[in-house]
Amino acid sequence: MILSAAKTALAAYGFDTANDPMATWLEQAKNEIETVNDWPFLQKVATVNTLAGVAAIGLPGDFFKIQSLRDTTNKKKLDFKEPDGFERDISDPTTQGYPEMYTVLTENSLSVYPVPRMNVTWRVIYQTYLTDITTLTDSDPLPGPARFHYTYVLGAAYIGLQADNEEERSANAQALFNQNVSRLIRKYRSVLGSSRTVQ
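Note that the structure is predicted; figures quoted are calculated from it, not measured. (Residues numbered from 1 in each chain as written. Predicted model: local features only at pLDDT ≥ 70, side-chain atom pairs only at ≥ 80, totals over all residues. Heavy atoms only, no water.)

**Q** What is the right way to read helix α5 (residues 167-189) from this model?
**A** Note: α-helices contain 3.6 residues per turn, so residues at a spacing of three or four share the same orientation. Its 23 residues place the ends of α5 32 Å apart at the C-alpha level, agreeing with the 33 Å of an ideal helix rising 1.5 Å per residue. Those residues of α5 that fall on the buried side of the exposure criterion are Ser170, Ala173, Phe177, Asn180, Val181, Leu184 and Ile185. (Helix = DSSP H or I, 4+ residues; strand = E, 2+ residues; numbered from the N terminus. Expected span 1.5 Å × (residues − 1). Buried < 20%, exposed > 50% of the residue type's maximum accessible area, 1.4 Å probe, protein only.)

Here it is as structure tokens:
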């Protein structure tokens, strides 16, 4: 669905395409969907190389959340440690050796410990984020899988109706939005070929 089609669908709730902030409401609905589940379509894999003696691993520009870090040079998956525990438990973060753990250092980098003595190739599995709808033109497709697009409309409708103090209509739209999100979560969590019942 392109943005103009989403706005047209949203206009059926009585909103004005010229004056109401439809793209903002659609963006908020998209954000709500994005945060309720670890959607597989947001997962990416990157290869990052670092030099000996470098503890910081720079991450791709579309990085949002780390899922896994593997040292492919030494064939070892590293354990994640929360930043406060990393700071508390490691007395000398400059110690060199074979990396065993990592933490999120800044918004777009990780820090490993011990600091590698050799050049390392890292396999990073991370989550990205969807394009901001408010940056799109009317002819641009909405971000994410097409099956999500009408759910953005339902979410935008309940948000817009709340803004207009239409509590009952907003609650109805929110209930439909929540039902659709729950169905999408079930769809993306199911594993083909696995038993649905205990044998």
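**Q** What am I meant to see in the environment of Val54 here?
**A** Within the secondary structure, Val54 is located in the loop between β1 (43-50) and β2 (56-58). With sequence-adjacent residues up to four places away left out, Val54 is seen in contact with Val115 and Pro116. (Contact = heavy atoms within 4.5 Å.)

**Q** Can you walk me through the confidence of the model for the chain in this structure?
**A** Detailed reading of the predicted coordinates is not advisable wherever pLDDT falls low. Per-residue pLDDT for the chain averages 92, and the proportion of residues at 70 or more is 95%. Strand β7 (residues 101-106) is the least confidently modelled element of the chain, averaging 90 in pLDDT, while strand β9 (residues 115-116) averages 97, the highest of any element. Counted against residues more than four places away or in other chains, residues 192-199, with its pLDDT under 50, gives 1 contact. (pLDDT = per-residue confidence, 0-100.)

**Q** Got a minute to help me understand the packing of helix α1 (residues 3-11) against helix α2 (residues 22-35) in this structure?
**A** Packed helices, taken two at a time, are described by the angle their axes make and the gap between the axes. Interhelical geometry of α1 versus α2 gives an angle of 95° and a closest axis separation of 10 Å. Considering their axes alone, α1 and α2 lie roughly perpendicular with respect to each other. Contact residues: α1 offers Leu3, Ala6, Lys7, Leu10 and Ala11, while α2 offers Met22, Trp25 and Leu26. Considering only residue class, the contact of α1 with α2 consists of 7 nonpolar, no polar and 1 charged. (Axes fitted to C-alpha atoms, helices over the stretch in contact; angles between N-to-C directions. Parallel < 35°, antiparallel > 145°, perpendicular 65-115°, else oblique. Nonpolar A, V, L, I, M, F, W, Y, C, P; charged D, E, K, R; others polar.)

**Q** Explain the packing of helix α4 (residues 149-163) against α5 to me, please; I cannot follow it from the model alone.
**A** Here α4 crosses α5 at 155°, and the two axes come no closer than 8 Å. When the axes of α4 and α5 are compared, the pair comes out roughly antiparallel. Once α4 is placed against α5, the crossing between them reads as left-handed. Mapping the contact onto sequence places Thr151, Leu154, Gly155, Ala157, Tyr158, Leu161 and Gln162 in α4 and Arg169, Ser170, Ala173, Gln174, Leu176, Phe177, Asn180, Val181 and Leu184 in α5. Its residues assigned to classes, the contact of α4 with α5 shows 9 nonpolar, 6 polar and 1 charged. (Left-handed = near helix turned anticlockwise from the far one by under 90°.)

**Q** Sorry if this is basic, but what is going on with the nonpolar core here?
**A** Within soluble globular proteins, side chains that are nonpolar tend to cluster in buried spots. Counting 31 residues, the largest nonpolar core has Leu10, Tyr13, Leu26, Ile133 and Tyr152 as its most contacted members. Breaking this core down by element, the ones donating at least two residues are α1, α2, α4 and α5. Here this core gets 8 residues from one element, more than from any other, and that element is α4. Residues within four places of Ile133 in sequence aside, it is in contact with Leu3, Ala23, Leu26, Glu27, Lys30, Leu142, Pro143 and Tyr152. The next biggest cluster of nonpolar side chains, apart from the first, holds 15 residues, and it includes Leu59, Leu69, Val120 and Val124. (Core = buried A, V, L, I, M, F, W, Y, C linked by side-chain atoms within 4.5 Å.)

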